[in-house]
Amino acid sequence: MVRLLTRFAAFLVVVTAFCSRLAEAQLSYTLIDVGVVTGSDSGPTGVTTGGRVSLNSAVAGRNRGSLWVSGAASSLGTLGGLETQTREICFNTALSVPQIVGNSLTSTGSSHAFLWTQGGTNGVVGNRQMRDLGTLPGGTYSDAYSVNASGRVTGYSENASGIDRAFLWNSGTMTDLGATVAATLGGQGLYSYGYAINATGQVVGVSFDSSFVNSYAWFYSGSAVKNLGNLGGGNAEAVAINDVGQIVGFSTTGAGRDHAFIMTGSTSMRDLGTLGGPDSFATAINNSGQVVGGSFIDLAGEVYRAFVTVSGTMRNLNSYLDTSGEGWVLEEATGITAGGQIVGVATASGTSHAFLLTPAAPALTWSTTGTQGGGTGTWSGTSTTWLSGTSRTTWTGTSKAVFSGSTATVTLSGSLATSGGLEFKAASATISGGTLTLVSGTYGTVPIVSVSGTSTGALAVTLAGTSGMLKAGTGMLVLRGTTTLTGPVTVQTGTLRIGTATALAGGSVAMHANATLKVTSQLQLSLGRLDVSAGGRIDVNEGTLTVASGLTPATTVAEILKGQGDGSWNGTNGITSSAVATDVAASIPRAIGWLDNGDGSITVAFSAAGDTNIDGAVDILDAANFLAGGKFDSGIAASWNEGDFGYDGMVDILDAADFLSTGLFDAGPYVTFGQAPTPSVAPVPEPAAAAPLLIAALVAGAAAVPRRRAPGRA
């Protein structure tokens, strides 16, 4: 893997905004999934105050730029063409809004630098938030790489001679900074690119001679340009600068390897080394001097990992993840805020994702012995049932509550709050009793509850808060109390199991690709919204789930087919049932039934073919629904309620056979739900007694018909 951050390779890693001072370096981070990364030029390109992230993604082979905030990405649009690519984000202190720069295609197909301002009004027609920065006189293309807190921009543009020149843009005027670079560096500054600008207007970048063989890092002080030198190998690129003038980038050493460096404009480069491999690349620096980037960790130069500097020393960023980052491998960090939040690219379950790391709150470990984690006791505002390091202490609401040891049985007294989230590391931990309020922390990110490995954490409390919740970690979190949370509950990794009807009644749930939402057996759960657009697995178990919004009949069937997998209900995504899978493995015919309730809501449930109204029994009402729909052998689209038990969109002899093959007709309930859902289609009053006989006759006729099965249908 070779990284050359020039116009001839994707420059996706740039300095982030430097809008305030950073606290001391943290040794623990929580991880939030920013989304799946698709395409070679995709990923996060910067992060600023409040965890706002600039993103690139590939949609149908086209680059798309977006702003990601609190779990939702919104498109930036274009300058009139078909593509947009972001380079960096900064929070404009005067306007109090984020600004993003990059390049976009215009309506004529030219690629121009843009400045996107949230809520802006001086952009192009059709996209007033995106301003076309134009080009240097006579040029046809341009690209913006960096923006500072006052809206000044640097990048590069073609000039009238067809030469790429670094530019400075301010208040509508683009200035040829490359002319100053060339005047200082001579032939070494012929082609130049401005990569980063800080709050005072200082700029760093790279230049090349006419051969493009060697690269030269330069620094612009606001009045003059300086060649920054190199680490002994002849090449260097400066990619980021903070507000105190510290510069980072990478340079070739005397041994011919690329190493990350740090320096100020008036000192020589300091080699930051590597994580054990041959090469490393710095990508960003904040005002406290923390540097992030990526480095190979093996001598063969094949394994690449994200790094952060701690007290000036390069460290593998993966070493500082809490349980929210289990199952993730951080491959490169591409931006860091003044507050220490970091974005980059990682791998989870073999898929590339963008990530946002937030410095974790100071941890307090639950301990009733006073020497080690775990035990049985009461959590109150006064009891000394917590360990800070090795010291016994009382609860502090700004801390992260950690439950470790073999078991932890906790009784919550009264009402308490945590802005640091919860972390379950014990094999089994249960919190019951009063009210626990989840509060957004210092960085404004959603409260995180993470469960480690094979651990199970149970919350049998009243769970309150106005910022929602993010379930992370590969373990299982069980909700068994009453939830009054407002805001979405996001299941990022592992399993969230709902144990009572009040645990998430009417709530909104957003699923991620490596996560499972599980309904407790025979429970009837109702949600206000379910978002499965990012993937995820819904396990209805031996219960029912009614969703007011987020699913349509078409998407419901599509998700059920995913969950059906190879026919044994082993899908890792989609709507499935572990109870159905167990029964099918034992040759007991069961399936997922579903209803369109006619009011926009959808119900899915543990079911069996023939149970058209998924009430837990196959009876004369179901026979009436099957016959009254008039869909048999009509080729007309049909639903489960009308007899489509194979999810192929039609009712035929196979569905009639499935109806009776379960042996459940008039046999009484085969499952009891907490409360049966309302059928979406009213059964025929006093249905004809001959209905089952008619269905049986249809089944008999199936003997002469070749069996046609939908994919995966057993």
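Heads up: the structure comes first, above all this text.
Because the structure is a prediction, the values reported are computed rather than measured.

A.B. asks: Would you mind showing me how to read the sheet that holds strand 3 (residues 52-59) here?
C.D. replies: The strands making up a sheet associate through hydrogen bonds between their backbones, and the pairing can be parallel or antiparallel. Taken in spatial order, the 4 strands of this open sheet run 2-3-4-5, and their pairing is antiparallel. Whereas interior strands pair on both sides, the edge strands pair on one side only; in this sheet they are strand 2 (43-48) and strand 5 (72-75). The mean inter-strand angle of the sheet, taken between neighbouring strand axes irrespective of direction, is 30°. Bridging between strand 2 and strand 3 involves 5 bridges; their strand directions are antiparallel. The residue bridging glycine 43 from the neighbouring strand is asparagine 56, located in strand 3.

A.B. asks: How should I be thinking about the sheet that holds strand 10 (residues 142-147) in this particular structure?
C.D. replies: Spatially, 4 strands are ordered 10-11-12-13 in an open sheet, and the strand pairing comes out antiparallel. Among the strands making up the open sheet, the edge pair consists of strand 10 and strand 13 (173-176). Looking at each pair of strands side by side, their axes are set apart by 30° on average, direction ignored. Relative to strand 11 (residues 153-158), strand 10 runs antiparallel, the two sharing 5 bridges. Following the sheet pairing, serine 142 is matched in strand 11 by serine 157. Contacting strand 12 (164-170) and strand 13, helix 1 (residues 177-185) runs over the sheet at an angle of about 130° to strand 12.

A.B. asks: Please explain helix 1 as it appears in this structure.
C.D. replies: An α-helix turns once per 3.6 residues; consequently, residues spaced three or four apart project the same way. Three or more residues of helix 1 are buried, namely Leu177, Gly178, Val181, Ala182 and Leu185. Along the axis of helix 1, the buried positions cluster into a sector of 135°, meaning they face one direction only. At its buried positions, helix 1 is contacted by strand 12, strand 13, strand 14 (191-197), strand 15 (203-208), strand 16 (215-220) and strand 17 (225-227). N-capping of helix 1 is provided by aspartate 176, with a side-chain oxygen placed 3.0 Å from the backbone N of glycine 178.

A.B. asks: Please clarify how helix 5 (residues 653-661) should be interpreted in this entry.
C.D. replies: Of all the 9 residues making up helix 5, 7 are buried; the element is thus mostly covered by neighbouring parts of the structure. Turning to helix 5, its buried residues number three or more, namely Ile653, Leu654, Asp655, Ala656, Ala657, Asp658 and Phe659. Two or three places before leucine 654, at the opening of helix 5, aspartate 652 has a side-chain oxygen 3.1 Å from that residue's backbone nitrogen. In the segment just after helix 5, glycine 663 is the residue with positive phi, at about 70°.

A.B. asks: It is not clear to me how the environment of glycine 229 should be interpreted in this structure. Could you clarify?
C.D. replies: Relative to the helices and strands, glycine 229 resides in the loop between strand 17 and strand 18 (232-241). Remark: the alpha-carbon pair of glycine 229 and serine 295, spanning 66 residues in sequence, is separated by 22 Å. Not counting residues up to four positions away in its chain, the partners in contact with glycine 229 are Ala217, Ala236 and Met269.

Calculation rules
Residues numbered from 1 in each chain as written. Predicted model: local features only at pLDDT ≥ 70, side-chain atom pairs only at ≥ 80, totals over all residues. Heavy atoms only, no water. Pairing = 2+ DSSP bridges. Helix = DSSP H or I, 4+ residues; strand = E, 2+ residues; numbered from the N terminus. Axes fitted to C-alpha atoms, helices over the stretch in contact; angles between N-to-C directions. Contact = heavy atoms within 4.5 Å. Buried < 20%, exposed > 50% of the residue type's maximum accessible area, 1.4 Å probe, protein only. Arc of directions from axis to C-beta. Polar contact = N/O pair within 3.5 Å; in protein donor to acceptor, adjacent residues only side chain to side chain.

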